[in-house]
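# Residue-level structure breakdown
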Amino acid sequence: MSEFIEAMAQVPTAVTVITVKDERDDVGTTVATFTSVSLDPRLVMVSMENTRYLNELLLRHDRWAASVLSTGQKTIASRFATAGRPGARLLLAGTPHHRGELSGALVVDGGVTALEAETVQVVPAGDHTLFVARVLAVDYVDSALLPLVRFRGRYRPTA
């Protein structure tokens with residue numbers, strides 16, 4: 001198992017915060033597996049550990065937001081990755097953000113891009129669940145910024 005983990009650590013991935021609006025609170029987590037699946041229709045996919053609370057929420061709530069972080073947002077990535085963290089609104093206190101119009105989920109400002117999505121397919125995959133979702137809206141794109149990546153177990157700037 002450790003050989004597989006080491007092998008996959010050699011593959012850099014964009015750091016993304018996934019958020020969902022629950023009846024009780026806003027919840028979010030940092031993920032390293034978020035990708036485009038199709039252009040027509042516009043589909044994306046996020047992979048979520050089965051044991052995460054957000055996995056449970058995504059099984060109940062179809063609409064969510066994805067904020068792909070920029071190099072200056074390492075602190076946000078770490079906040080959302082920490083176990084036992086408070087709700088997303090507290091994690092974003094003092095950080096520019098807004099609520100997505102179509103999902104109601106919190107969107108982190110200042111990243112390289114953000115979008116809102118609606119799950120159309122759920123695929124069990126070992127100890128993870130894959131959520132394939134239709135893109136409802138591209139909230140913003142900032143091509144002047146560089147993405148934050150996870151590489152060899154650490155958050156790293158791309159430049």
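Just so we're clear, the structure is a prediction, and the values are computed from it rather than from any experiment.

### Observations concerning the pairing of strand β2 (residues 16-21)
- Most of β2 is tucked away: five of the six residues are buried.
- Pairing of β2 with strand β3 (residues 26-31) involves six bridges; the strand directions are antiparallel. When the bridges of β3 are listed, T19 appears paired with G28.
- The loop that links β2 with its antiparallel partner β3 comprises four residues.
- Inspection of the sheet shows β2 paired to strand β6 (residues 63-68) by four bridges, in the antiparallel sense. Across the sheet, the residue bridging to V17 is S67, located in β6.

### So, the nonpolar core
- Within the largest apolar cluster, 20 residues are counted, with the highest numbers of intra-cluster contacts made by I18, F34, V44, V46, L54, L58 and W64.
- Listing elements by their share of this core, those giving two or more residues are β2, β3, β5 (43-49), α2 (53-60), β6, β9 (113-125) and β10 (128-141).
- For I18, the contacting residues outside a window of four places in its chain are V27, G28, T29, V31, F34, V46, L54, L58, W64, A65 and A66.
- Residues V15, V17, A77 and F80 belong to the second largest nonpolar core, which totals 13 residues.

### A few points about the UniProt feature "domain: Flavin reductase like" (unreviewed entry) in the protein chain
- Per the UniProt entry, the sites bearing "domain: Flavin reductase like" (unreviewed entry) are residues 8-157 in this numbering.
- Between the end C-alpha atoms of residues 8-157 there is a gap of 18 Å, over a span that is 14% helix and 49% strand.

### What to know about unusual backbone geometry
- Here the bond from D40 into P41 is cis, since omega is 5°, no more than 30 degrees from zero.
- A positive phi is found at R152, a non-glycine position, where the angle reads about 55°.

### As for the sheet that holds strand β4 (residues 34-38)
- Across the sheet, which stays open at both edges, the seven strands sit in the order β3-β2-β6-β9-β10-β5-β4 with antiparallel pairing between neighbours. Edge positions in the open sheet fall to β3 and β4, since each of these has one partner strand only. Ignoring which end each strand starts from, the neighbouring axes of this sheet average 35° apart.
- Where β4 lies against β5, four bridges are found, and the strand directions are antiparallel.

### A look at α2
- Considered for burial, the residues of α2 that qualify are L54, N55, L57 and L58. All buried residues of α2 fall inside an arc of 165° around its axis, so they share one side.
- Considering only its buried residues, α2 is in contact with β2, β3, β5, β6 and β10.

Basis of the calculations
- Residues numbered from 1 in each chain as written.
- Predicted model: local features only at pLDDT ≥ 70, side-chain atom pairs only at ≥ 80, totals over all residues.
- Heavy atoms only, no water.
- Buried < 20%, exposed > 50% of the residue type's maximum accessible area, 1.4 Å probe, protein only.
- Helix = DSSP H or I, 4+ residues; strand = E, 2+ residues; numbered from the N terminus.
- Pairing = 2+ DSSP bridges.
- Core = buried A, V, L, I, M, F, W, Y, C linked by side-chain atoms within 4.5 Å.
- Contact = heavy atoms within 4.5 Å.
- UniProt positions renumbered as here; feature names shortened; annotations may be inferred.
- Axes fitted to C-alpha atoms, helices over the stretch in contact; angles between N-to-C directions.
- Arc of directions from axis to C-beta.

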